[in-house]
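# Remarks on the overall topology
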Amino acid sequence: MSGRNALSRLFRGSWFAAGCGLWILGLCGGAFEARALVDANSPGNTNAPSDGVPWANLGRVNGSGGIYLGNGWVLTPVHVGPGNVDFDGTIVAWDGTSKQLTNSDGSGADMMLFHLGALPVLPNLALASSTPPALSTNDMIGFGFIAGSVQTSLGAYSGFDWSAIQFKSWGNNRVNTGPVTMQNDGIGNNASFMMDFTSPLTPGQTSDEAQAAPGDSGGGVFYKNPSGWELSGMIYAIDTLPSQPGNTAVYGDITYAADIATYRSQILSIAAQTPAVSISSSGTNVLLCWMDTGVSYSLQTTPTLQPTSWAIITPSTFPTNGDICAQLPATNSARFFRLSHP
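It should be emphasised that the depicted structure is a prediction, and the values quoted were computed from it without experimental measurement.

Let us now look at the overall build of the protein. Across its full length, the protein carries one helix and 26 strands. Out of the 342 residues belonging to the protein, those deemed buried represent 50%. Per element, the accessible surface of the protein, about 14800 Å² overall, is 53% carbon and sulfur.

What follows is the structure in structure tokens.
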């Protein structure tokens, strides 16, 4: 990152780095205020986009973002911290449980999960099992202010002033061609991918080319594969340009997102606890249902618990009211059921 400013965490606060040009939790010369996605091609994308990205799963916590994954768990940076979450006007309380994620070397990442005391009426997110492809377009959702000007000259750069009104907003951007790298924002190392804020004069600008700014910490990055939307990243930092005016987003800035695929197994080990199976009659059939946690389970059965001899069965399953259900013919034989996942 030669010739650039230090990574800046995107959190609401009033702490400052030592020296103008390097800013950690603030901007030199003024208080650090929450800002949100700056969209180069829209005056403000402040409602759910029509492409079906899981907009409602991004809630506001401690002035920034938290991503609802399912089973009561929320993902956010450590520098944002746990708390009660506002999901578009519905506030769900934190139950006091939290867990920081770690890297393969045992160091703490600037990522954490915390648990809610009630389950919001939201879908469970699919977690990316691989980093989004290079140059793929990903949707970004965050909190704060939007662009406060049309594209304008800002010293040596071209870009946008920040507005004075705070919103939840969305945009999109392309993933850089470089590999996932470890980046330290002062709290911890995150395995990360990057997205450049690209000028319309440069090939590759997206339909709603967006750059993160303070307040977007904990925002979600989503990639749509053939199976649907999956959470590909968590916004946590930006990289700005030398002598860039304060309170601006300019072409050449970079958004950093923690790579969900790198931490997927760890997230699932914490958040995807095996749900209980409920059994009820449905005419001449038996209905077995369990909470949809975003994890694929195999349904297993045995006629007796001694000796244990579980067999996988493959009934047709279907989602209903936040559950996954399977329907089997009723019989006079005793059967026991359980769920299993790799």
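This next bit is on the pattern of salt bridges. Oppositely charged side chains may form a pair once their charged atoms are brought near each other. One pass over the structure, following the stated rule, counts one salt bridge. The shortest N-O distance in the salt bridge between Lys168 and Asp88 comes to 3.2 Å. Of this pair, Lys168 sits in strand S12 (residues 157–174) while Asp88 sits in the loop between strand S6 (85–87) and strand S7 (90–92), placing them 80 residues apart in sequence. By relative accessible area, which is 9% here, Lys168 ends up buried.

What follows deals with the state of the cysteines. In this structure the tally under the stated criterion is one disulfide. For Cys289, the disulfide goes to Cys325, at an S-S distance of 2.0 Å. Judged by the sign of its S-S torsion, about 110°, the cystine formed by Cys289 and Cys325 is right-handed. Separated by 36 residues along the polypeptide, Cys289 in strand S21 (residues 285–291) and Cys325 in strand S25 (residues 323–329) bring together distant segments of the chain. Both residues of the pair, Cys289 and Cys325, belong to the buried class.

In this section: unusual backbone geometry. Trans is the prevailing form of peptide bonds, just as negative phi is the prevailing case for residues other than glycine. Phi at Asn71 is positive, roughly 60°, even though this residue is not glycine. By secondary structure assignment, the location of Asn71 is in the loop between strand S4 (64–70) and strand S5 (73–76). Overall, the relative accessible area of 14% leaves Asn71 in the buried class.

Here we take up the nonpolar core. Membership of the largest hydrophobic core comes to 31 residues, with the highest contact counts inside it found for Leu69, Leu75, Met111, Leu113 and Leu231. For this core, the elements supplying multiple residues, two or more each, are S4, S5, strand S9 (108–116), strand S10 (137–147), strand S17 (228–239), strand S19 (254–259) and helix H1 (260–271). Beyond its immediate chain neighbours, meaning those up to four positions away, Leu231 contacts Ile67, Leu69, Leu75, Leu125, Ala126, Leu127, Ala128, Gly220, Val221, Phe222 and Ile260. By size, the runner-up hydrophobic cluster in this structure holds eleven residues, among which are Met140, Ala210, Ala212 and Val221.

A word on the environment of Glu230. Looking at where Glu230 falls in the secondary structure, it is placed in strand S17. Given a relative accessible area of 11%, Glu230 falls into the buried group. Measuring from C-alpha to C-alpha, the distance between Glu230 and Val53 comes to 8.8 Å, with 177 residues separating the pair along the chain. A distance of 2.9 Å separates polar atoms of two side chains, one belonging to Glu230 and the other to Asn225.

Moving on: the confidence of the model for the protein. Here the protein shows a mean pLDDT of 84. Residues at 70 or above account for 85%. Note on residues 12–35: pLDDT is under 50 here. Beyond four places in sequence and across chains, it has 66 contacts.

This part covers the sheet that holds strand S23 (residues 311–313). What the three strands build is an open sheet, ordered S23-S22-S26; its pairing is antiparallel. Two strands close off the open sheet at either side, each with one partner strand: S23 and strand S26 (336–340). Geometrically, the sheet is characterised by an average inter-axis angle of 40° between neighbouring strands, direction not taken into account. Two elements, strand S22 (residues 298–302) and S26, share five bridges in a ladder whose sense is antiparallel. Paired with Leu299 across the bridge in S26 is Leu339.

This paragraph deals with the sheet that holds S21. Read across the sheet, four strands follow the order S20-S21-S25-S24 without closing on themselves; strand pairing throughout is antiparallel. The strands lining the two open edges of the sheet, one partner per strand, are strand S20 (278–282) and strand S24 (317–320). In this sheet, neighbouring strand axes are inclined to one another by 30° on average, regardless of whether the strands run parallel or antiparallel. In this sheet, S25 lies alongside S21 in antiparallel orientation, the contact comprising seven bridges. The residue of S25 that forms the bridge with Cys289 is Cys325.

Criteria and thresholds
- Residues numbered from 1 in each chain as written.
- Predicted model: local features only at pLDDT ≥ 70, side-chain atom pairs only at ≥ 80, totals over all residues.
- Heavy atoms only, no water.
- Helix = DSSP H or I, 4+ residues; strand = E, 2+ residues; numbered from the N terminus.
- Buried < 20%, exposed > 50% of the residue type's maximum accessible area, 1.4 Å probe, protein only.
- Areas by Shrake-Rupley, 256 points an atom, 1.4 Å probe, with all protein chains shown as cover.
- Salt bridge = Lys/Arg side-chain N within 4 Å of Asp/Glu carboxyl O.
- Disulfide = S-S within 2.5 Å.
- Core = buried A, V, L, I, M, F, W, Y, C linked by side-chain atoms within 4.5 Å.
- Contact = heavy atoms within 4.5 Å.
- Polar contact = N/O pair within 3.5 Å; in protein donor to acceptor, adjacent residues only side chain to side chain.
- pLDDT = per-residue confidence, 0-100.
- Pairing = 2+ DSSP bridges.
- Axes fitted to C-alpha atoms, helices over the stretch in contact; angles between N-to-C directions.

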